[in-house]
Amino acid sequence: MDVVNSAILDPMTGWVILAAFSALWIALGWYWGRHSQALDDYVLAGRRVGLALGTATAMATWVTSNTTMAAPQIALQMGIWGMLGYSLGAVGLFLFAPLAARIRRLMPTGYTSGDFIRLRYGHFAWRVFLVISLFYSLGWLVSMGMAGGILIHALTGIPYHYGMTVILGICVGYTLLGGFRAVIGTDFIQALLILSGVVVIAFLAIQHIGFDDIHRSIATERPELLNLLMPASIMFLFNNLLFGVGEIFHSNVWWSRAFSFREGVGFKAYTLAGLLWAPIPIVAGFIALAVPALSLNVPAADMVGPMVAAEILGTAGAVLVLIMVFSALSSSIDSLLAATSILVVEDIYRRHLRPNATSAQMRTASARIIVGLGILTWLLCAPRITTLAELLYFTGAFVASTIWPIAAGLFWRRANTLGAIAGMLLGSAAGLYSYFAIGFYVAALVGAAVSMSCVLIACWLQPAAYDWADLQEHHPQESGGTP
Amino acid sequence: MIIPETLFGIVIAAALCLTALAPILLLVLLVQDWKKGDLW
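1. Focus: the overall build of chain A
- Per the secondary structure count, chain A includes 23 helices and 0 strands.
- A compact globule built from 483 residues should have a C-alpha radius of gyration of about 23 Å, and chain A, at 22 Å, falls within 12% of that.
- With respect to the principal axes defined by its C-alpha atoms, chain A has extents near 60 × 50 × 40 Å.
- Contacts in chain A between residues at least 24 apart in sequence constitute 85% of all its contacts with a sequence separation of at least 6.

2. Section: the overall build of chain B
- What chain B contains, in helices and strands, is 1 helix and 0 strands.
- Within chain B, the proportion of its 40 residues that are buried is 25%.

3. Re the nonpolar core
Residue and element names in this part refer to chain A.
- One finds Met-59, Val-198, Ala-273, Trp-277, Ile-287 and Ala-290 to be the most contacted residues of the largest nonpolar core, which totals 196 residues.
- For this core, the leading source of residues is helix 16 (residues 304–353), giving 26 residues.
- Not counting the four nearest positions on each side in its chain, Trp-277 is found in contact with Met-59, Trp-62, Val-63, Ala-90 and Leu-93.

4. Section: helix 9 (residues 160–209) of chain A
All names here are of chain A.
- The terminal C-alpha atoms of helix 9 lie 30 Å apart, and with 50 residues this falls more than 12% below the ideal 74 Å at 1.5 Å per residue.
- Of all the bends in helix 9, the largest measures some 120 degrees and sits at Gly-179.
- Helix 9 sits mainly inside the fold: 36 of its 50 residues count as buried.
- Looking one or two residues past helix 9, Gly-210 carries a phi angle of roughly 100 degrees, positive in sign.

5. Things to note about the environment of Pro-4 of chain B
- With respect to the helices and strands, the residue Pro-4 of chain B is situated in the segment before helix 1 (5–36).
- Distance from Pro-4 of chain B to Leu-29 of chain B, taken between C-alpha atoms, is 38 Å for residues 25 residues apart in sequence.

6. A few points about the packing of helix 4 (residues 51–62) of chain A against helix 1 of chain B
- The N-to-C vectors of helix 4 of chain A and helix 1 of chain B enclose an angle of 145 degrees; their axes lie 7 Å apart at closest approach. Taking contact as the criterion, the partners of Leu-51, Ala-52, Thr-55 and Ala-56 of chain A in helix 4 of chain A are, on helix 1 of chain B, Leu-26, Leu-29, Leu-30 and Asp-33 of chain B.
- Looking at side-chain class alone, the contact of helix 4 of chain A with helix 1 of chain B contains 6 nonpolar, 1 polar and 1 charged residues.

7. Observations regarding unusual backbone geometry
Residues and elements named next belong to chain A.
- Of note in the backbone geometry, Ala-45 takes a positive phi value of approximately 50 degrees without being a glycine.
- Overall, the presence of 30 C-beta atoms within 10 Å leaves Ala-45 in the buried class.
- Non-glycine residue Arg-47 carries a positive phi angle of around 60 degrees.
- You can call Arg-47 partly exposed: it has 18 C-beta atoms within 10 Å.

8. Examining helix 6 (residues 90–106) of chain A
Residues and elements named next belong to chain A.
- Over its 17 residues, helix 6 runs 25 Å from end to end, which matches the ideal 24 Å to within 8%, given 1.5 Å per residue.
- By the largest-angle criterion, Ala-97 marks the main kink of helix 6, which is about 35 degrees, and a proline, Pro-98, follows within four residues.
- Restricting attention to buried positions, one finds in helix 6 the residues Ala-90, Gly-92, Leu-93, Phe-96, Ala-97, Leu-99, Ala-100, Ala-101, Ile-103 and Arg-104.

9. Digging into the packing of helix 6 of chain A against helix 12 (residues 252–260) of chain A
All names here are of chain A.
- In contact at an axis separation of 8 Å, helix 6 and helix 12 are set at 55 degrees when each is read in the N-to-C sense. In terms of axis orientation, helix 6 runs oblique to helix 12. Helix 12 is crossed by helix 6, and the crossing has right-handed handedness. From helix 6, Phe-96, Ala-100, Ile-103 and Arg-104 reach across to helix 12, where they touch Trp-254, Trp-255, Ala-258 and Phe-259.
- Of the residues in the contact of helix 6 with helix 12, the class split is 7 nonpolar, no polar and 1 charged.

10. Brief notes about the environment of Leu-379 of chain A
- With respect to the helices and strands, the residue Leu-379 of chain A is situated in helix 17 (residues 359–381).
- Taking C-alpha positions, Leu-379 of chain A is 9.2 Å from Val-142 of chain A, a pair spaced 237 residues apart along the chain.

11. Focus: the environment of Phe-286 of chain A
Residues and elements named next belong to chain A.
- For Phe-286, the position within the fold is in helix 14 (residues 279–288).
- Phe-286 gets classed as buried once you count the C-beta atoms within 10 Å, which come to 26.
- As for Phe-286 and Arg-384, which are separated by 98 residues in sequence, their C-alpha atoms are 27 Å apart.

12. Looking at the confidence of the model for chain A
- Mean pLDDT for chain A: 87, with 92% of residues reaching 70 or above.
- Low pLDDT, under 50, characterises residues 479–483 of chain A; the predicted model gives this stretch 12 contacts beyond four residues in sequence or across chains.

The rules behind the values
Residues numbered from 1 in each chain as written. Chains lettered and ligands numbered in written order. Predicted model: local features only at pLDDT ≥ 70, side-chain atom pairs only at ≥ 80, totals over all residues. Helix = DSSP H or I, 4+ residues; strand = E, 2+ residues; numbered from the N terminus. Rg over C-alpha atoms; globule rule 2.2 N^0.38 Å. Contact = placed C-beta atoms within 7 Å. Buried ≥ 20, exposed ≤ 12 C-beta atoms within 10 Å, placed from the backbone. Core = buried A, V, L, I, M, F, W, Y, C linked by C-beta atoms within 7 Å. Expected span 1.5 Å × (residues − 1). Bend = angle between axes of the 7 residues up to and from the residue. Axes fitted to C-alpha atoms, helices over the stretch in contact; angles between N-to-C directions. Nonpolar A, V, L, I, M, F, W, Y, C, P; charged D, E, K, R; others polar. Parallel < 35°, antiparallel > 145°, perpendicular 65-115°, else oblique. Left-handed = near helix turned anticlockwise from the far one by under 90°. pLDDT = per-residue confidence, 0-100.

This is the structure we're talking about:
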């Protein structure tokens, strides 16, 4: 099927919508960030974010292009358990809620997840962690840049490279102008757009086809999708749960939010965000299950979401999909740009290159790194090499191996350096092996299991006696640097 | 073992209702934070 010819929005309409929302995000980014000159204001929104904005930013960031693209794809491949399994990504938000409260309490002046690993486990573990975290961040950025190009192309016919360039360029633009305050402010609006869009599309799908027809068509043509005992799907369910937990536990995207929230907000914000996020993949996946009823020929699995939406909703629906997808992509890309830039600034620039960097120098470096990350992501997105789900799950082994070192390190004095290092290295290796030997749906499962064994055995053989006060680090720029 | 249509319908309907309520909840929280001066 020729996607350009089947796109139901003409490219001009697509460009108008993209231009309107791009102008809105840029203007808001400039407005909210115009007084963010100090480092903490620019990278952590002054550490005073309230419950509403905190909940919305956690929820919107977790609604990624993968929720709108890969969830329908997974639903079409793995059926009902695929949808529910994807929904278990919310468990990561729930489990991170107590961690966010503890992070804020133990490290009131912290900046990154790297800070924690360095202070808790030492320099070697920190560097292993940085490799995992940066690899994952880049993988996530690339998967969303690609999704942006694919979706805009599918919906409007705008060439892949133009769409991908627009989405990356706009996110870099307003994150650069407004820093973390712009990220959080736009996330709130994007959360409202995403939630409203998903609900409207699902209601229109039911109205257009009929719920009974959707169920009957699947039961007749693809009964395996409704099978409650589909083994690969059940494996996927647990794998996705651990993958989500690993992504959230280690990534500075979520740690930077924990640092930025007001005292007492972290636990409530992450719990509420999990509750609001959990039903979204089910609704998005349900839309894909309309394929048998529509007798659609889906040439590429990662195209199923936009194709179904385009088939059943017409022009107005396609406009809605484009706005929703643009919001989902922006809310995640901006968060990643902001969180990865401070990770690079704090853990590489300051800790490796400029130990006496002032607040002003770090702020400048952060802005430059946001631009650099945008360019690097564009270069990696340019050749569209793999399907989105494959790219996404390739990182599963790595992130799942960090779950136990992070969680045990935050709550157990006895967790030690050897267990953390072995957990991350052996967990990643075992997860990667299982990815290639068995399939993507077991990589996180194996990675987390091996990592857990390493951490627990090391704790048992040689328990540490860590002093939590060591996490309260003095930052040179707090006393020396001027904004 | 195929999921019955009724159960399938309940799962989808529950997910749809929760998603529909979410924007309202976020706006209510926003107004509460704004009144207390706790937005950010």
